[in-house]
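Chain and residue survey
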Amino acid sequence: MTTDAIVLRRCHSLEEMRACVALQKEVWNFSDAELVPLRLFVVADKVGGQVMGAFTGNDMVGFALAVPGMRSGHPYLHSHMLAVRKDYRNHGLGRRLKLLQREDALAHGIELIEWTFDPLEIKNAYLNIERLGAIARRYNINQYGITSSPLQGGLPSDRLIAEWWLKSKRVEKLLAKGKNLPFRAEADIFVPATIYAWKAAAETRGNAQQVQERNREKFLSAFSQGLAVLGYQRDAEGNGKFLLAHWDEKWSYAVEG
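Residues numbered from 1 in each chain as written. Predicted model: local features only at pLDDT ≥ 70, side-chain atom pairs only at ≥ 80, totals over all residues. Heavy atoms only, no water.

Looking at the layout of surface pockets
Where empty space is left in the structure can be found by rolling a water-sized probe over the atoms. Formally: Buriedness of a pocket was judged along seven lines, with at least five required to meet protein on both sides within 12 Å; pockets are open sets of points on a 1 Å grid over the protein atoms alone, cavities are sets where a 1.4 Å probe fits but cannot get out, and lining residues have an atom within 4 Å of a point. Grid points are joined across faces, edges and corners, and a volume is the space filled by probe spheres set on the points. Runs of E in the DSSP output that reach at least two residues are strands. Runs of H or I that reach at least four are helices, and both are numbered from the N terminus. Note on residue categories: nonpolar means Ala, Val, Leu, Ile, Met, Phe, Trp, Tyr, Cys or Pro, charged means Asp, Glu, Lys or Arg, and polar means any other residue, Gly included.
By volume, the largest pocket is sized at about 1,600 Å³. What lines the largest pocket is a set of 42 residues, and nearest its centre among them are Trp28, Leu82, Glu121, Asn124 and Leu151. Elements with a contribution of two residues or more to the lining of the largest pocket: α1 (14-28), β4 (74-84), α3 (93-107), β5 (112-117), α4 (122-131) and α6 (195-200). Within the lining of the largest pocket, the residues separate by chemical class into 19 nonpolar, 12 polar and 11 charged.

Remarks on empty space enclosed by the protein
Taken as a whole and assessed by the stated rule, the structure comprises 1 cavity of 30 Å³ or more. Its boundaries defined by the atoms lining it, the largest cavity holds a volume of some 30 Å³. In this structure, the largest cavity is lined by Pro119, Leu120, Tyr139, Val191, Gln212, Asn215, Arg216 and Phe219. The greatest single-element share of the lining of the largest cavity, amounting to 4 residues, is contributed by helix α7 (residues 205-224).

Thoughts on the UniProt feature "domain: N-acetyltransferase" (unreviewed entry) in the chain
Filter applied, for reference: UniProt positions are given in the numbering used here, feature names are shortened, and annotations may be inferred rather than shown by experiment.
In the numbering used here, UniProt assigns the "domain: N-acetyltransferase" (unreviewed entry) feature to residues 6-172. Annotation note: span residues 6-172, helix share 32%, strand share 32%, distance between end C-alpha atoms 25 Å.

Quick word on the packing of aromatic side chains
Formally: Within 6.5 Å between ring centres, the rings of Phe, Tyr and Trp (the latter by its six-membered ring) count as paired, and their orientation is classed by plane angle as stacked under 30 degrees, edge-to-face over 60, tilted in between. Using a 1.4 Å probe on the protein chains alone, a residue whose accessible area is under 20% of its type maximum counts as buried, one over 50% counts as exposed, and one in between counts as partly exposed. The rule is short: NZ of Lys or CZ of Arg within 6 Å of the ring centre and within 35 degrees of the ring normal puts a charge over the ring.
Inspection of the entire model under this criterion finds 7 aromatic pairs. Centroid distance phenylalanine 41 to phenylalanine 63: 5.6 Å. Interplanar angle 75 degrees. Geometry classified as edge-to-face. In this pair, phenylalanine 41 is assigned in helix α2 (residues 38-46) and phenylalanine 63 in strand β3 (residues 59-71), connecting sequence segments 22 residues apart. Grouping residues by exposure puts phenylalanine 41 and phenylalanine 63 together as buried. Between tyrosine 139 and phenylalanine 219 the ring centres are 5.5 Å apart and the planes differ by 25 degrees, which places this aromatic pair in the stacked class. Note that tyrosine 139 is positioned in strand β6 (residues 135-140) and phenylalanine 219 in helix α7, a separation of 80 residues in sequence. Of the two residues examined, tyrosine 139 and phenylalanine 219, each falls in the buried class. An aromatic cluster is present here, built from Tyr139, Phe219, Phe223, Tyr232 and Phe242 joined pairwise through their rings. One residue, lysine 98, lies across the ring of tryptophan 115, its end atom 3.6 Å from the ring centre. We note arginine 234 situated over the ring of tyrosine 126; from NZ or CZ to the ring centre the distance is 3.9 Å.

Regarding the pattern of salt bridges
Put simply, the rule reads: Salt bridges are defined as contacts in which a side-chain nitrogen from Lys or Arg sits within 4 Å of a carboxyl oxygen from Asp or Glu.
Taken as a whole and assessed by the stated rule, the structure comprises 16 salt bridges. Close ionic contact of arginine 137 with glutamate 163 constitutes a salt bridge, the shortest N to O distance being 2.8 Å. Of the two residues, arginine 137 is situated in strand β6 and glutamate 163 in strand β7 (residues 159-165); the sequence distance between them amounts to 26 residues. Salt-bridge contacts for glutamate 163 lead to arginine 138; the nearest nitrogen and oxygen are separated by 3.7 Å. Separated by 25 residues along the polypeptide, glutamate 163 in strand β7 and arginine 138 in strand β6 bring together distant segments of the chain. Among the residues examined, glutamate 163 registers a relative accessible area of 3% and is labelled buried.

What follows is the structure, encoded as structure tokens:
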């Protein structure tokens, strides 16, 4: 399947917002109480946030939702959701949606987009760190509580916070050359490919929780020492590995040279 013919654009109409809510339900299978409601999609579009849709004809096959935020006196966008219909995954559509978010943010003078992601999701971590150039140096324990989505496998909803510094040397070079700037890893954190099967079955869920708890402590310790996630590796068996090193704060703000 190719996604080149899929049209990406900002969403404004109520019909498009309703399509986002329906696709959200399809992708995460949340209970109705946990769904992001139609009103929030509408409000995000009205107050400086983003609702980006991916369409094949009139059919929505992906969306991204971001809301405006403020940290230390500086505006940024919090990208709360990115969804891609199952048949359209693994073909770069999620990355295209993120790049559209970046283009739109920069056009409005915003240089930082943040979002949370599950550190047990290997493909998503690879996209965020290696394909987009985000970094992570904060960890939230059980951010949303135990959710109704089967994707969470009944585990606490621990999340890493991705920081995407849109005009940084790191991001600009990655988008130009297709790979991250080299660095020397000072620590690594391993995620086994079997994590998905372990989360899906009640009899092995304890294994997944042990990985989550072990890695939680490693992340918290590393971040307390000033390390940040700067790289991510996947091996032939599908295992994932976070690579951490000290992050030079000045790299967040501008491209060098």
